[in-house]
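Tertiary structure, described
Listed here are the chains, written in short residue letters.
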Amino acid sequence: MLRLIEMRRPLLVAVVVLSGCWKLQGIPTNHQLEATFPASVQTTDLPGQFKVATFNIHMEPGHKVATALLADRALRDVDVIALEEVPRENGSTCSSACAMGHELGMYSVFAPAHSKDGDDFGVAILSRVPITSARVIELPWNDVHFNAGRRIALVATVQHEGRPITVYAVHLENRLTASDRKRQMKPVLVDASQQRTPVIIAGDFNTNPFTWISHWIPLPTGAHQQHALESFVRSYGFDTPVAGSGATHRYIGMKLDAIYTRGFDTKHFAVAHAKDVSDHMALWAIVAPTPQPPTVAAAK
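This report concerns the structure included in the present document. Bear in mind the structure is a predicted one, so any value in this text is a computation, not a measurement.

Before going further, it helps to examine the side chain of Asn 174. Counting through the fold element by element, Asn 174 comes out in the loop between strand 8 (163–171) and helix 4 (178–193). When its relative accessible area of 9% is taken as the criterion, Asn 174 is described as buried. One polar contact links Asn 174 to Arg 175, side chain to side chain, over a distance of 3.1 Å.

Quick look at the structure:
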């Protein structure tokens, strides 16, 4: 009996962690992007080598997350960060991303995806340099029966060494099969593959080690969803440089988060705990432009 209980425990933990409340999420009444600007402009261009991160902040207030970032040596100097599960309280005009932008002296843009009990929740991008454009991509709906919500990707443009780069913040549904996850991710990859700029796609992709029966019963699988999604991402011409980061979630060693790139070499990457402010760990990478092959002069 003890052995049976031990075998079931990971499944129980997965249901509790990944399911959340038994409630469908609503659609925000205000779909407008929320933008925040620092008091003074420090620079307009990212340096040649810069640090990018993704962090699911688990609906925590901006002041608490900003304090955690500043206390973590690996995160206090981040240049661009994608955020997921960003809350904005009912009636407020400043989300957690907005509050973080004010405290960290960064530009921010927040896009609400769904609402619950009057509060909005969505994705955001913070940057040390101006965000020159931003838009939202609607992702395919998945009826996972409870705790289901509208899913979106936020797309922003920032300047890097005098040219634009395109940054995506993504949060996919949790209780999906690998094929459903690829279907929800496809609009992001199609959009990104059409960009003529270097690209960074970062977020919580919920690549858990289960297949889901009826979207709520998890069965452990030999093939982690991470590998299926990474293969799908590479088929669109993007790199998966942080595949070896290890767990990004605090329960049963799940790797839910990732950073995908095109046009960059990744110099270093790791996870950071950020004072354990979230059930996720932050995932960061230092990237630099991929060297271009020398141009060969045409023979005369």
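There's plenty left to go through after this.
Tracing the backbone shows Gly 26 in the loop between helix 1 (2–19) and strand 1 (34–36). The exposure class of Gly 26 is partly exposed, given its relative accessible area of 26%. Put simply, Gly 26 and Asp 120 are 94 residues apart on the chain and 8.9 Å apart in space, counted from C-alpha to C-alpha. Look past the residues within four positions of Gly 26 in its chain and what remains in contact with it is His 114 and Ser 115.

Strand order in this open sheet of seven strands is 1-4-5-3-2-14-13, and the pairing throughout is mixed. Two strands lie at the open edges of the sheet, namely strand 1 and strand 13 (264–272), each paired on one side alone. The average angle at which neighbouring strand axes cross in this sheet is 20°, direction not considered. When strand 3 (residues 80–88) meets strand 5 (residues 119–127), the two strands line up antiparallel, connected through seven bridges. Bridge pairing in strand 5 links Val 80 to Ser 127.

Parameters and conventions
Residues numbered from 1 in each chain as written. Predicted model: local features only at pLDDT ≥ 70, side-chain atom pairs only at ≥ 80, totals over all residues. Heavy atoms only, no water. Helix = DSSP H or I, 4+ residues; strand = E, 2+ residues; numbered from the N terminus. Buried < 20%, exposed > 50% of the residue type's maximum accessible area, 1.4 Å probe, protein only. Polar contact = N/O pair within 3.5 Å; in protein donor to acceptor, adjacent residues only side chain to side chain. Contact = heavy atoms within 4.5 Å. Pairing = 2+ DSSP bridges. Axes fitted to C-alpha atoms, helices over the stretch in contact; angles between N-to-C directions.

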